[in-house]
Amino acid sequence: MENMLHLAPCHASVPDCFVVPPDQLPPAASAAVSLPVVDMSGSRAEVCRAILDAGREFGFFQVVNHGVPEQLLRDMEAVCDEFYYELPAAEKAHLYSEDKQKPNRLFSGTTYETGGHKYWMDCLRLAFTFPVGDSTSEWPHKPHRLREVFEKFAVLTRGVGMELLRLLCEALGLRPDYFDGDLSGGDVILSVNHYPPCPNPSVALGLPPHCDRNLITLLHTGPVHGLEVVYDGDWIKVEPVPGAFVVNFGLQLEVVTNGMLKSVEHRVMTNATLARTSRAIFIQPKEDCLVGPAEEFLSEDNPPCYRTVTFGDFRRMHSVVKLGSSSLNLTTNLKDIQKGMYQMN
Ligand code: OGA
Ligand code: NI
């Protein structure tokens, strides 16, 4: 618990275990780029087309007019700030755990195995089922509005994700409920990522390059930059759009669409002056759900490019992150593992 970054009064220097060799930290190629913005209040046909176009070109896009009230987003930001800045350490000590199997916990770094390398992030990670029932009974009670605000945010944001999946089905010619049921029925994860200011942003990363392992992710970020995405072989910085969700496809969606939609690598850079907090909702399959390319995407000319495995097995095989193994040095070994795992004979 003492090693949590947000509890240290300030950091004079970056400890060695956080330092990434400079050749593995290529700078972003550009000034911040605005990801395509999908206005969900448009006609269904327009929204379908916009999601598919943005998804195919970038794998990442932002959605506005998504129906989650602005006030709730502001309350969510305020409660997250209270949790990290105001709640005394003693009140959160019981949440701290390095046990990756625990569904609800507070920790530093990533959920990947990193071989001891550390990342400049603290994380409050909470799981729930849908419908919620008593699945949030282990969630923290403090600050006092946390439960109420987190639950509302989590349920409504998951709802936006499910609607996006239905729109995608429509756009892709799948039946509208294709992703309902076990494919999206695993625990939903709410991750509150907190990146404190870092004394030397040129040597440490907030999150290593990775593809999300789930089905679809919705991210609410504040105004502070940090998220970078691979585009056309380079890293680009994402310009945050106030009130929007950043949406990206997880690897399970890449598998189901037989690679038509790609799960794109992203990373989080640190920053010397401003703390950054982001809130992510991860929708994922049930552990024992078999995920493979949908028949609708297969034909004699389009054989399956991915194996069909349970989501649980996928996660276990896909849990190690090691920087710098790619020839471009842009990415981690995750894509290689995926290739090895899926190699079709
Ligand atoms: C993640 C992630 C980005 C961010 O949690 O998987 O990519 O900006 N987060 O916190
Ligand atoms: Ni991610």
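Residues numbered from 1 in each chain as written. Chains lettered and ligands numbered in written order. Predicted model: local features only at pLDDT ≥ 70, side-chain atom pairs only at ≥ 80, totals over all residues. Heavy atoms only, no water.

## Details of unusual backbone geometry
Put simply, the test is: The way it works is that DSSP assigns letters per residue, a run of H or I at least four long becomes a helix, a run of E at least two long becomes a strand, and they are numbered from the N terminus.
Residue Pro131 follows Phe130 across a cis peptide bond; omega there is -5 degrees. With respect to the helices, strands and loops of the structure, Pro131 is situated in the loop between β4 (122-128) and α4 (146-172). Positive phi, normally seen in glycine, also occurs at Asn65, with a value near 50 degrees. The residue Asn258 is not glycine, and still its phi comes out positive at about 50 degrees. Inspection of the secondary structure assignment puts Asn258 in the loop between α5 (251-256) and β11 (266-269).

## Focus: the packing of aromatic side chains
Going by this rule: Here a Phe, Tyr or Trp ring, Trp counted by its six-membered ring, pairs with any other such ring whose centre lies within 6.5 Å, and the pair is stacked when the planes are under 30 degrees apart, edge-to-face when over 60, and tilted otherwise. Throughout this description, buried means an accessible area under 20% of the type-specific maximum (1.4 Å probe, protein chains only), exposed means over 50%, and partly exposed covers the range between.
For the structure shown, the criterion picks out seven aromatic pairs. Between Phe18 and Trp120 the ring centres are 4.9 Å apart and the planes differ by 65 degrees, which places this aromatic pair in the edge-to-face class. Of this pair, Phe18 sits in the segment before β1 (37-39) while Trp120 is found in the loop between β3 (105-108) and β4, placing the two residues 102 residues apart along the sequence. Trp120 carries the same exposure label as Phe18, and that label is buried. For the ring pair Phe61 and Phe249, a centre distance of 6.0 Å and an interplane angle of 65 degrees mean the geometry is edge-to-face. Taken as a pair, Phe61 in strand β2 (residues 60-64) and Phe249 in strand β10 (residues 245-249) lie far apart in primary sequence, 188 residues in all.

## A few points about the UniProt feature "domain: Fe2OG dioxygenase" (unreviewed entry) in the protein
Quick note on the threshold: UniProt positions are given in the numbering used here, feature names are shortened, and annotations may be inferred rather than shown by experiment.
Within the UniProt annotation, "domain: Fe2OG dioxygenase" (unreviewed entry) is assigned to residues 185-285. From the first C-alpha to the last, residues 185-285 spans 5 Å; its make-up is 6% helix and 46% strand.

## A look at the packing of helix α2 (residues 70-86) against α4
Convention followed: Axis definition: a line fitted to C-alpha atoms, over the contacting stretch in the case of helices. Angles run 0 to 180 degrees between N-to-C directions. Each angle receives one of four descriptions, namely roughly parallel if under 35 degrees, roughly antiparallel if over 145, roughly perpendicular if within 65 to 115, and oblique otherwise. By the definition used in this description, the sense in which the near helix is turned from the far one sets the handedness, with an anticlockwise turn below a right angle giving left-handed and a clockwise turn giving right-handed. Note on contacts: a residue pair is in contact if any heavy atoms of the two residues lie within 4.5 Å.
Viewed as axis vectors pointing N to C, α2 and α4 meet at an angle of 130 degrees, and their least axial separation amounts to 10 Å. Looking at the two axes, α2 sits oblique to α4. Crossing handedness for the pair α2 and α4: left-handed. Contacts from Leu72, Leu73, Asp75, Met76, Val79, Cys80 and Phe83 of α2 reach α4 at Leu146, Val149, Phe150, Lys152, Phe153 and Leu156.

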